[in-house]
Amino acid sequence: MGLEEKMPPGVGLTTLEAVLGWAKARSPWPVTMGLACCAIEMMAFGALRFDASRIGMEVFRSSPRHSDLMIVSGRVSQKMAPVVRNIYDEMMEPKWVISMGACACTGGVFNNYALVQGIDHVVPVDIYLPGCPPRPEMLINAVFELRNQLMEKQPIGAHRKEMAKAAEAAALSATPIQDRKGLLA
Ligand code: SF4
């Protein structure tokens, strides 16, 4: 998007933001990455019965540089965490993350030293998808929720990179999921 980088932020961009948000929301390119059993459901999501192409996602890309969506599907070991972060860093901007399944969101039933207790320690998460495992229909719904987010709040213009950095810093400094007590506090 060369043009948007050169345009100053302002009232005139409002319509352009909406058009670009609409385009981005309808053509996410997921990176090929599966970590555990949730990845089987993610594969079903891309295969014939559920067919991710129907909702504009087309094929999973084999290079992070072709991708703008990471679906963290399964538990993340401490050894794998730097690899996940590396893949995230290599993806093109702007980019988004869906945390798929209880293990990716919170460590799930694996409350031990070997697994990352929530992928939000490693990359900023846009959508948390619960379940063990979540069904492919739930992943489709998560993609629709992500679409809604993209339509609402994706900035463009000269300050886009700064805003993206600020959003990532806020996400990484937020209270990890497993520390949130909700009504149990
Ligand atoms: S949430 Fe359940 S299905 Fe998904 S990786 Fe963890 S144990 Fe496997």
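Analysis parameters
Residues numbered from 1 in each chain as written. Predicted model: local features only at pLDDT ≥ 70, side-chain atom pairs only at ≥ 80, totals over all residues. Helix = DSSP H or I, 4+ residues; strand = E, 2+ residues; numbered from the N terminus. Buried ≥ 20, exposed ≤ 12 C-beta atoms within 10 Å, placed from the backbone. Contact = placed C-beta atoms within 7 Å. Core = buried A, V, L, I, M, F, W, Y, C linked by C-beta atoms within 7 Å. Pairing = 2+ DSSP bridges. Axes fitted to C-alpha atoms, helices over the stretch in contact; angles between N-to-C directions.

*Asks:* I would appreciate a short explanation of the overall build of the protein chain in the present structure.
*Replies:* The helix and strand inventory of the protein chain stands at seven helices and three strands. Mapped from its N terminus to its C terminus, the protein chain presents α and β elements in the order α-α-α-β-α-β-α-β-α-α. Taking all 185 residues of the protein chain together, the buried fraction comes to 31%. Long-range pairs, those at least 24 residues apart, make up 83% of the contacts in the protein chain between residues at least 6 apart in sequence.

*Asks:* What should I look at first to understand the nonpolar core in this one?
*Replies:* In a soluble, globular protein the nonpolar side chains are often hidden away together inside. Residues Met70, Val72, Val76, Met100, Ala104, Ile119 and Val123 are the most contacted members of the largest nonpolar core, which totals 36 residues. Breaking this core down by element, the ones donating at least two residues are helix H3 (38-46), strand E1 (69-73), helix H4 (81-90), strand E2 (96-100), helix H5 (102-106), strand E3 (127-129) and helix H6 (136-153). Other than its neighbours up to four places away in sequence, valine 76 contacts Leu35, Ala81, Val84, Ala104, Leu115, Val116, Ile119 and Val122.

*Asks:* What's the story with the environment of arginine 26 in this structure? I'm lost.
*Replies:* On the secondary structure map, arginine 26 appears in the loop between helix H2 (14-25) and H3. Between the C-alpha atoms of arginine 26 and methionine 57, which are 31 residues apart in sequence, the distance is 7.6 Å.

*Asks:* Explain the sheet that holds E1 here, please?
*Replies:* Strand pairing in a sheet takes place through backbone hydrogen bonds and is either antiparallel or parallel in direction. Pairing is parallel across the open sheet formed by three strands, whose spatial order is E1-E2-E3. What marks the edges here is a single partner per strand, and that holds for E1 and E3. Taking the axes of each pair of neighbouring strands and ignoring which way they run, one obtains an average angle of 15° across the sheet. Of the pairings in the sheet, the one linking E1 to E2 comprises five bridges and is parallel in character. Following the sheet pairing, serine 73 is matched in E2 by methionine 100. Along the sheet, H3 contacts E1 and E2; its crossing angle with E1, the most-contacted strand, is approximately 135°.

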